[in-house]
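Coordinates in review
Residue strings, one per chain:
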Amino acid sequence: MPKKIAVIGAGPSGITALKNLLDQGLDALAFDRNQDVGGNWIYSENDSHSSVFETTHIISSKTLSQYADFTFDDFDPNTSDYPSHDELRRYFQAYARKFNLYDHIRFNTLVLHCERIDDQEWLITTETDGIKKTETFTDLVVCNGHHWNPRWPQYPGEFTGEFLHSHTFKKAEPFKDKRVLVIGGGNSACDVAVETSRVSKMTAISWRRGYRIIPKFFFGQPSDKIGERSTWIPLRLRSFFFDLLLKIMVGDNKLYGLREVENKFGEIHPTINDELLYKIRHGKVKPRLDIKHFSENKVVFENGLEEEYDTVIACTGYYLSHPFFDKNLIDYSSGPVPLYLKMFHPEYRNLYFIGMFQPLGCIWPGAELQSKIMARELAGLWKRPEHIKELCKLEVKRPHYKQIDTPRHTITVDYHKFKKDLLRHLPKGFISKNPDFQKVEV
Ligand SMILES: Cc1cc2nc3c(=O)[nH]c(=O)nc-3n(C[C@H](O)[C@H](O)[C@H](O)COP(=O)(O)OP(=O)(O)OC[C@H]3O[C@@H](n4cnc5c(N)ncnc54)[C@H](O)[C@@H]3O)c2cc1C
Ligand SMILES: NC(=O)c1ccc[n+]([C@@H]2O[C@H](COP(=O)([O-])OP(=O)(O)OC[C@H]3O[C@@H](n4cnc5c(N)ncnc54)[C@H](OP(=O)(O)O)[C@@H]3O)[C@@H](O)[C@H]2O)c1
């Protein structure tokens, strides 16, 4: 039976999935609810799929944040070390143009439901301009992203001021002259606190534990480039040296009035930020402990401190969400996620997940390698291991990092180790910069 493959999403993961399927001469069609390629990187002031804000710049540097088939040098050699959301949107759209993907994407189309019939058939229901349609596909590739469905925190009491999630935070200006409390210690929280502090009357940041704040540069080099040079050192030793370097360059959290770090490097997803500590030492951002409860417009903290706020912004992360599946088929919203190489299901052979992992680094270089393996399997050039069920279990039992048990830590991988794991399944000349790859290779 000829393959007919559906891809959900035309963000950074979906476009590389599509490109690599087409490279192998396969019949593939992507659906995206958006009007263009780019996913999370299509900034919009209105509520949308995207969670980036006006001033978002990537946290992984450009040479570690590029597709092997289309590098930033292929796109624009003048791209900055840490591109903005707009540079990235243009990069992804240039990738889609370069590899002639636009004719294979149905935009403004929401995937409503995916019903698995068997190993050869999916019934996929979509909606475009209010019109519903059900079509049959042999295989399904899920690339719907995992940073768009807000995870809200719960506290006793009620906050009567404005309460929003970082997903709907778009710019600092609406918070001018307000008293703002930001919750969280991840990259959203630290970015949002820095941005609002530029215009607010007062900005505070509440942490439920201590986080390492890693600068974007060490010795004039992007910090992940320094990390890349030390991948030959065993992980434990590397973490020790990295902590030492951080101590020398930045100092302990207590110097900034922040909670002390109590976990080892890698046990918590790292936070990369150059401005938070500066803003704290300039009195623009006030460190606070965890929230105990709300009382009208007051927030009561763990240490008994009570303060009035106009706005609370919960930067408390996102659910892994697949609303188009029946929950008894797939539900990873509360972990664990037993997928071999974070992409192969233990039982459903015609289902693939691309980009559904959280690297300490950038997502799409890994998504590109996953896509190549998937496309080679579908083209009959690669076979998945026989003992895949066991391998799926091992993904959960033996993660790259033993992380603390909080909701965001279910799909973490080490960027370099993950790439190495994936590359093991690809031939040496896996890079394909030619848009008509299938014509020359197959
Ligand atoms: C503020 C912010 C900054 C980030 N910075 C970085 C960073 O520096 N480096 C990094 O690697 N990652 C970063 N991320 C993570 C981000 O998830 C990835 O960069 C990247 O967007 C993942 O690509 P994706 O294609 O998997 O998902 P997305 O970019 O989310 O794309 C998913 C696509 O699927 C479409 N879609 C979803 N559901 C449906 C449906 N039912 N029907 C049709 N279409 C659908 C969406 O419209 C979207 O186009 C950041 C995230 C946020 C929120
Ligand atoms: N500039 C950028 O490139 C940029 C900006 C923003 C986000 N991002 C990326 O986007 C993704 C999502 O980041 P994110 O920061 O939005 O989410 P996140 O990484 O999931 O971080 C959520 C934070 O909120 C905390 N938290 C969760 N529930 C809480 C609760 N009930 N009470 C108090 N604290 C709570 C978490 O604490 P625990 O540590 O205890 O889990 C964590 O500190 C990440 O991949 C991130 O790197 C990148």
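Our structure's up above, just so we're on the same page.
A few points on the structure. Just so it is clear, the structure is predicted and the values come from calculations on it, not from any experiment.

What counts as what
Residues numbered from 1 in each chain as written. Chains lettered and ligands numbered in written order. Predicted model: local features only at pLDDT ≥ 70, side-chain atom pairs only at ≥ 80, totals over all residues. Heavy atoms only, no water. 1 Å grid on protein atoms, 1.4 Å probe; cavity = no way out; pocket = protein on both sides within 12 Å on 5 of 7 lines; lining within 4 Å. Points joined across faces, edges and corners; volume = space filled by probe spheres on them. Nonpolar A, V, L, I, M, F, W, Y, C, P; charged D, E, K, R; others polar. Phe/Tyr/Trp six-rings, centres within 6.5 Å; stacked < 30°, edge-to-face > 60°. Helix = DSSP H or I, 4+ residues; strand = E, 2+ residues; numbered from the N terminus. Buried < 20%, exposed > 50% of the residue type's maximum accessible area, 1.4 Å probe, protein only. Core = buried A, V, L, I, M, F, W, Y, C linked by side-chain atoms within 4.5 Å. Contact = heavy atoms within 4.5 Å. Polar contact = N/O pair within 3.5 Å; in protein donor to acceptor, adjacent residues only side chain to side chain. Expected span 1.5 Å × (residues − 1). Arc of directions from axis to C-beta.

Let us look at empty space enclosed by the protein. In the structure shown here, the tally under the stated rule is two cavities of 30 Å³ or more. Size it by volume and the largest cavity reaches roughly 490 Å³. Lining the largest cavity are 27 residues, with D224, G227, F265, L360 and G361 positioned closest to its centre. A breakdown of the residues in the lining of the largest cavity according to their chemical character gives 14 nonpolar, nine polar and four charged. In this structure, the second largest cavity encloses a volume near 80 Å³.

Right, let's get into the packing of aromatic side chains. Tallied over the entire structure, the rule returns 37 aromatic pairs. Here W152 and F163 contribute two aromatic rings whose centre-to-centre distance is 5.4 Å and whose plane-to-plane angle is 80 degrees, an arrangement assigned as edge-to-face. Taken together, the residues W152 in the loop between β8 (149-150) and β9 (162-165) and F163 in strand β9 connect sequence positions 11 residues apart. On the accessibility criterion, W152 (39% relative accessible area) is partly exposed. Ring geometry for F163 against F294: centres 5.7 Å apart, planes inclined by 85 degrees, an arrangement best described as edge-to-face.

Another aspect to go through is the nonpolar core. Core analysis: the biggest nonpolar cluster contains 58 residues, and L21, F92, L101, V141, F344, W364 and M374 have the highest contact counts within it. The element that contributes the greatest number of residues to this core is helix α8 (residues 364-378), accounting for seven residues. The contact partners of F344, leaving out residues within four places of it in the chain, are P338, L339, Y352, I373, E377, W382, R384, I388 and C392. Core analysis: the next-biggest nonpolar cluster, separate from the first, contains 34 residues, V182, F218, I280 and V285 among them.

Assignment of secondary structure puts K62 in the loop between β2 (28-31) and α2 (72-75). Its relative accessible area of 13% is what places K62 among the buried residues. What K62 contacts, discounting residues up to four positions off in sequence, is F72, P77, T79, S80, D81 and P83. Side-chain polar atoms of K62 contact the backbone oxygen of T79, separated by 2.6 Å.

Turning next to helix α6 (residues 235-249). The first and last C-alpha atoms of α6 sit 21 Å apart over 15 residues, in line with the 21 Å expected at 1.5 Å per residue. Turning to α6, its buried residues are R238, S239, F242, L245 and L246. Looking down the long axis of α6, one finds its buried residues gathered within 125 degrees of arc, a one-sided arrangement. In α6, the exposed positions that point more than 90 degrees away from the buried face belong to R236, F240 and I248.

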